[in-house]
Amino acid sequence: MKRAWILAVFFALISVSGAFADPDADTTPYIAGEILVKTGTGPILGWELQQVPPGQEKAEVARQRAEGRQAEVNGLWSVVETIPNDPRYPEQYGPVRIKGPQAWDFSKGDPSVVISVIDTGVFCGHEDLSGKCVPGFDFVNNDADPNDDHGHGTHVAGIAAAVTDNGIGVAGMCWFCAVQPVKVLNSGGSGTWEAVALGIVFAADNGGDVINMSLGGSGFSQVVQDAVVYAEGRGVMIFAAAGNTGGTPILYPARYPEVIAVAATDSLDNRASFSSYGPEVELAAPGVANLSSVPTYICSLCDPSGYRSLSGTSMATPHAAGVGALLLSFRPELTNIQAREVLQLTAVDKGNAGRDEFYGFGLVDAYAALTFGGEFPTPTLEPTQAPIPTDTPTPEPGTALCGKITGGLVLVPSGSPYYLTCDIDVKGGLTAISVTIEMQGFGLFANQIYFRGVTMQP
């Protein structure tokens with residue numbers, strides 16, 4: 001496996017007995033114009049950083065050593081990233097932009113984590129998907145052979161979970177995660193609400209941990225929403241494409257509160273011009289010119305080479321879903337709701353400060369998600385004036401809120417109803433999911449708000 005190196009300055013602490021090593025024999029890269037000398041009064045256990053003329057570093061080290069002092073160049077060490085050996089990986093900017101290589105040092109996924117690709121089916125015989133598929137279903141032809149006769153689903157599956165570091169083709173975000181092909185779209189790329197709802201329920205009932213829906217439309221469907229509510233209740237993380245209209249609103253099913261709506265960015269992390277936007281957008285991920293697997297036979301998106309570059313929020317979504325699966329692989333104790341919160345809290349803010357309608361919480365960050373400290377934001381209450389008495393009775397059970405809160409605030413069902421006993425000012429973002437908030441005549445202020453299933457009472 002190849003390794004790529006990101007240079008980082010370090011201060012080396014050495015103990016020397018006998019003769020000093022020859023500085024000219026050390027080929028380690030170093031900072032020009034700087035050396036480290038142990039003077040005995042320096043800030044690092046007696047070592048200090050000294051400036052020297054660029055190009056004279058080794059000569060100055062030799063001079064210091066000749067005078068009996070310990071000295072060395074200010075060398076460079078590195079952070080190691082896991083870089084797969086797939087030959088076309090260098091053509092994939094997506095994993096790099098969302099810090100896949102850094103995340104892969106911690107986890108490459110787990111075969112027990114299943115990504116349900118609800119799409120046109122998946123060509124499981126593809127060289128880069130061989131052995132990845134678990135049993136799925138075809139709700140277009142009503143059989144157990146969800147093969148891809150369009151190409152879209154195979155492309156999506158490759159981005160999320162292609163076989164990686166196998167010396168073939170491309171890399172997937174979740175190397176070892178399984179793919180469950182659920183065909184709900186026909187060879188022309190369209191499908192009914194009935195088929196989509198059936199596919200969602202099937203995935204939820206047959207081991208799906210993450211659902212990827214790179215599909216959508218402008219019409220609201222109650223049966224599909226019922227299905228996503230059911231799947232979320234079964235512990236499934238659900239991702240869907242925001243849409244490619246370039247305008248607002250975003251499409252369903254991404255628009256449902258239970259679904260993580262994913263917008264598209266380019267290789268410079270800018271919003272893709274075609275990416276639909278709206279307040280429901282939750283995350284952004286690479287979606288412009290993404291190389292991935294496609295079938296090798298004849299179909300709309302097929303290619304004899306087995307690979308093709310495509311653009312769309314359809315491509316952004318499996319980047320995010322793959323990270324979700326990677327997170328569940330690394331942190332299996334997380335619920336789907338907690339994992340969703342981790343992705344929100346660790347996303348790299350883009351566009352306007354805080355959540356916005358183009359990027360949502362920001363660009364997915366796989367490394368930050370996997371290295372998230374494991375504790376959700378704990379409110380830090382600052383001293384505040386005693387609340388003014390109110391005639392409104394305090395509900396029990398429930399949670400009282402009052403004053404300034406820093407470090408963010410997450411309101412969850414177990415603490416509901418939440419009731420204000422004075423004005424609230426939240427710094428660091430307010431997230432509330434399936435709760436009741438009783439204002440009791442007070443004000444609620446936050447620099448960033450995400451509400452889902454929230455009931456507000458005066």
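Our structure's up above, just so we're on the same page.
The following paragraphs examine the structure supplied in this document. Position numbers for residues count from 1 along each chain, tracking the sequence in the order it is written. Residues qualify for local features only when their pLDDT is at least 70, as the model is predicted, and side-chain atom pairs are given and counted only at 80 or more; totals for whole chains, interfaces and linings, by contrast, use all residues. As a rule here, side-chain values cover all heavy atoms of the structure and leave hydrogens and water aside.

1. Structural notes on the packing of aromatic side chains
Next up, step 1: Side-chain rings of Phe, Tyr and Trp (the six-membered ring for Trp) are treated as a pair once their centres are within 6.5 Å; stacked means planes under 30 degrees apart, edge-to-face means over 60, and tilted covers the remaining angles. For the structure on display, the rule yields 13 aromatic pairs.
Next up, step 2: A ring pair is formed by Phe106 and Phe330, whose centres lie 6.1 Å apart and whose planes are at 70 degrees; its orientation type is edge-to-face. Linking Phe106 in the loop between helix 3 (100–104) and strand 5 (114–119) with Phe330 in helix 7 (residues 313–330), this pair joins segments that are 224 residues apart in sequence.
Next up, step 3: Think of it in three bands: with a 1.4 Å probe and only protein chains considered, a residue is buried below 20% of the maximum accessible area for its type, exposed above 50%, and partly exposed in between. Judged by relative accessible area, Phe330 falls into the partly exposed class, the value being 31%.
Next up, step 4: These aromatic residues form a ring-pair network of at least three members: Tyr89, Trp104, Trp175 and Phe176.
Next up, step 5: The ring of Trp175 has Lys108 lying over it, and the distance from NZ or CZ to the ring centre is 5.5 Å. The secondary structure listing takes helices from DSSP runs of H or I that are at least 4 residues long and strands from runs of E that are at least 2 residues long, numbered from the N terminus. Any Lys NZ or Arg CZ that is within 6 Å of a ring centre and within 35 degrees of that ring's normal is treated as a charge sitting over the ring.

2. A few points about the sheet that holds strand 6 (residues 137–138)
Next up, step 1: By the convention used here, strands pair only if DSSP detects at least 2 bridges between them. Within the open sheet, the seven strands sit side by side as 6-7-5-8-9-10-11. Their pairing is parallel. Only two strands of the sheet have a single partner each, and these edge strands are strand 6 and strand 11 (281–286).
Next up, step 2: As judged from the six bridges shared by strand 5 and strand 7 (residues 178–183), these two strands associate in the parallel manner. Counterpart to Ile118 in the pairing with strand 7 is Val182.
Next up, step 3: Packing of helix 8 (residues 336–346) onto the sheet brings it into contact with strand 9 (237–241), strand 10 (260–265) and strand 11, and relative to strand 9 it is tilted by some 50 degrees. Every residue pair with non-hydrogen atoms within 4.5 Å of one another is taken to be in contact. Angles run from 0 to 180 degrees between N-to-C directions of axes, and those axes are lines fitted to C-alpha atoms, restricted for helices to the stretch in contact.

3. Description of helix 1 (residues 57–66)
Next up, step 1: Among all positions in helix 1, only Glu57, Glu60, Val61, Gln64 and Arg65 are buried. Taken down its axis, helix 1 places every buried residue within 135 degrees of arc, on the same side.
Next up, step 2: In the segment just after helix 1, Gly68 is the residue with positive phi, at about 90 degrees. Directions pointing from the helix axis toward each C-beta atom define the arc.

4. A look at unusual backbone geometry
Next up, step 1: The step from Thr248 to Pro249 runs through a cis peptide bond, and the omega angle for that step is 5 degrees.
Next up, step 2: Inspection of the secondary structure assignment puts Pro249 in the loop between strand 9 and strand 10.
Next up, step 3: In this structure, Pro253 follows Tyr252 across a cis peptide bond, with omega equal to 10 degrees.
Next up, step 4: In this fold, Pro253 is placed in the loop between strand 9 and strand 10.
Next up, step 5: Of note, Lys99 is a non-glycine position whose phi angle comes to about 60 degrees, a positive value.
Next up, step 6: With respect to the helices, strands and loops of the structure, Lys99 is situated in the loop between helix 2 (94–97) and helix 3.
Next up, step 7: Given the relative accessible area of 31%, Lys99 is considered partly exposed.

Function-wise, these values are silent; they only describe arrangement.
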